[in-house]
Amino acid sequence: MEAQTMPGGADPNSVRKVVSVKAPPAVAWRVFTGEMGTWWPLTIYKIGKAAAVDAVIEPRVGGRWYERGDDGSTCDWGSVLAWEPPSRLVLSWDITADWQYDPDLKTEIEVRFIAEGANGTRVELEHRRLDRYGARRDEMRTIFDKTGDWGRLLEAFAACAAEGSES
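Residues numbered from 1 in each chain as written. Predicted model: local features only at pLDDT ≥ 70, side-chain atom pairs only at ≥ 80, totals over all residues. Heavy atoms only, no water.

Student: So, unusual backbone geometry: which residues are in play, and what are the values?
Tutor: Cis geometry is found at the peptide bond from P85 to P86, where omega equals -5°. Its location among the elements puts P86 in the loop between β5 (74-84) and β6 (88-93). A positive phi angle, near 60°, is found at K106, a position not held by glycine. Mapped onto the elements of the fold, K106 is located in the loop between β6 and β7 (107-116). Note on K106: relative accessible area 30%, which makes it partly exposed. (Helix = DSSP H or I, 4+ residues; strand = E, 2+ residues; numbered from the N terminus. Buried < 20%, exposed > 50% of the residue type's maximum accessible area, 1.4 Å probe, protein only.)

Student: Explain the pairing of strand β4 (residues 64-69) to me, using residue names and the numbers behind them.
Tutor: Direction of pairing for strand β3 (residues 52-57) relative to β4: antiparallel, over a ladder of 5 bridges. Bridge assignment links A55 to a residue of β4, and that residue is E67. As consecutive antiparallel partners, β3 and β4 are separated by 6 residues, and within that stretch G62 has a phi angle of approximately 90°, a positive value. Inspection of the sheet shows β4 paired to β5 by 5 bridges, in the antiparallel sense. Counted as the bridge partner of W65 is G78 from β5. Where β4 folds back on β5, the antiparallel hairpin that results is connected by 4 residues, among which G72 adopts a positive phi of roughly 90°. (Pairing = 2+ DSSP bridges.)

Student: Provide a residue-level description of the packing of aromatic side chains, including the pertinent values.
Tutor: How two aromatic rings sit relative to each other is given by the distance of their centres and the angle of their planes. Under the criterion given, the structure shown has 18 aromatic pairs. Measuring from ring centre to ring centre gives 4.9 Å for W29 and W83, while their planes differ by 70°; the resulting arrangement is edge-to-face. With a gap of 54 residues between them, W29 in helix α1 (residues 25-34) and W83 in strand β5 connect regions that are remote in the sequence. The same class applies to W29 as to W83, namely buried. (Phe/Tyr/Trp six-rings, centres within 6.5 Å; stacked < 30°, edge-to-face > 60°.)

Student: Pulling in residues and values, what's your account of the pairing of strand β2 (residues 14-21)?
Tutor: Sheet faces and side chains relate simply in a regular strand, where the side chains alternate between the two faces. The buried count for β2 comes to 6 of 8 residues, which makes it a mostly enclosed element. As judged from the 8 bridges shared by β2 and strand β8 (residues 120-128), these two strands associate in the antiparallel manner. Pairing of V19 across the sheet is with V123, part of β8.

Student: Outline the environment of W40, listing residues and values.
Tutor: Residue placement: W40 occurs in the loop between α1 and β3. Along the backbone, W40 and A55 are 15 residues apart, and their C-alpha atoms lie at a distance of 7.4 Å. Within polar-contact distance, the side chain of W40 engages the backbone oxygen of Y45 at 2.9 Å. (Polar contact = N/O pair within 3.5 Å; in protein donor to acceptor, adjacent residues only side chain to side chain.)

Rendered as structure tokens:
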């Protein structure tokens, strides 16, 4: 279940990760898009002032991607650019290198859910357009690839999706 860096990672403007999930694509999709708050580490990966209690992706192109605080407040992270259940999702990630929301940033996260065997899914994530960070691109690429690590987030997601498949 350990996430791996995908081949072709030589592009300095993107980070690519892949994880195998022990759940069919429909379950993996549901857990990733509809139950993000169950696997996203909201105590540390948040940008709002309130304690975050959920991460929400509105299920449509143009929908918001945001965190919800325990006080009912919301803090945008980005928006839905492509919504193709249960195979493909593209989100804008509009959080600056200073961890502030900026609707003009528009880096992109594409997630593909590919059937693997009878009951598995290969989930491929690419965070691209990192050139939008300008002089801080390399710093942000390192965070997404190693220190903040999309790989660790995908591992947490894969564990929740496998549990969701059993219930």
